[in-house]
Amino acid sequence: MLNEKEKLEKLNSIIRKYKNLQRSFSESSKKREIVIPILQELQELYNYLPEGTLRIIATELNLPLSKIYGVATFYAQFTFTPRGKNLIRLCTGTACHVRGGKRILQTAERILELKDGETSKDFKFTLQTVRCLGTCFLAPVMMINHEYFGRLTTQKIETVLKEYE
Ligand code: FES
């Protein structure tokens, strides 16, 4: 995990990178297309989008703050509240539900001592339920960060979560 100084350095390097990219665009519409990748990098860095950082980005890259907020609020992948280092997305959609998704969720809640939408006090985990992860053939399924874990059983989820402790 990066400390505050390292995060600031990384933020500065993100700004430099996108300033250079902006210089290579002639049309102003293209200059705005960089908002999504910037937000993705910021969220990767902080695990959420801190308001102060969005203001810095707007000023440094000469982008309207309203545009940045517009994009950030449109896409569900972005969040304005601090999130745990490990984002657990547990599917409660139909295919997962009929294959025991509810028991899997209860097991995850018990192990993590979290309810849907909550983040642990040490910011290690955030638990979220989702309607479908697009991998119903793996039901019941969850994602931790970018990795899928399918055909979950209560025992399997226990083993997987311990690996992330
Ligand atoms: S319903 Fe769970 S992955 Fe589709």
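Residues numbered from 1 in each chain as written. Predicted model: local features only at pLDDT ≥ 70, side-chain atom pairs only at ≥ 80, totals over all residues.

## A short note on the domain arrangement of the protein chain
For interface size, the figure often reported is the accessible area lost on association. Counted only if it meets this: Domain start and stop positions are those given by an automatic or database domain assignment.
What the domain assignment reports for the protein chain is domain 1 (4-74) and domain 2 (86-164). Here domain 1 and domain 2 have C-alpha centroids that lie 31 Å from each other.

## Some thoughts on the sheet that holds strand β3 (residues 142-144)
For clarity, the cut-off: Two strands pair under a simple rule: DSSP has to find at least two bridges between them. Starting at the N terminus, helices and strands are each numbered in turn, a helix being any DSSP run of H or I of at least four residues and a strand any DSSP run of E of at least two. Here, axes are lines fitted to C-alpha atoms. For helices the fit covers the stretch in contact, and angles between N-to-C directions go from 0 to 180 degrees.
The four strands are arranged β2-β1-β3-β4 in an open sheet whose pairing can be described as mixed. Edge positions in the sheet fall to β2 (125-130) and β4 (147-149), since each has one partner strand and no second. Within this sheet the neighbouring strands show an average axis-to-axis angle of 20°, counted without direction. Pairing geometry for strand β1 (residues 86-91) and β2, over six bridges, is parallel. The residue bridging arginine 89 from the neighbouring strand is glutamine 128, located in β2.

## Structural notes on the environment of leucine 21
The condition is simple: Comment: burial labels come from other C-beta atoms within 10 Å of the residue's own C-beta, placed from the backbone, where a count of 20 or more is buried, 12 or fewer is exposed, and between is partly exposed.
The topology assignment puts leucine 21 in helix α1 (residues 4-24). The exposure class assigned to leucine 21 is partly exposed, which follows from the 16 C-beta atoms found within 10 Å. Residues leucine 21 and isoleucine 34, spaced 13 residues apart in sequence, show a C-alpha to C-alpha distance of 8.5 Å.

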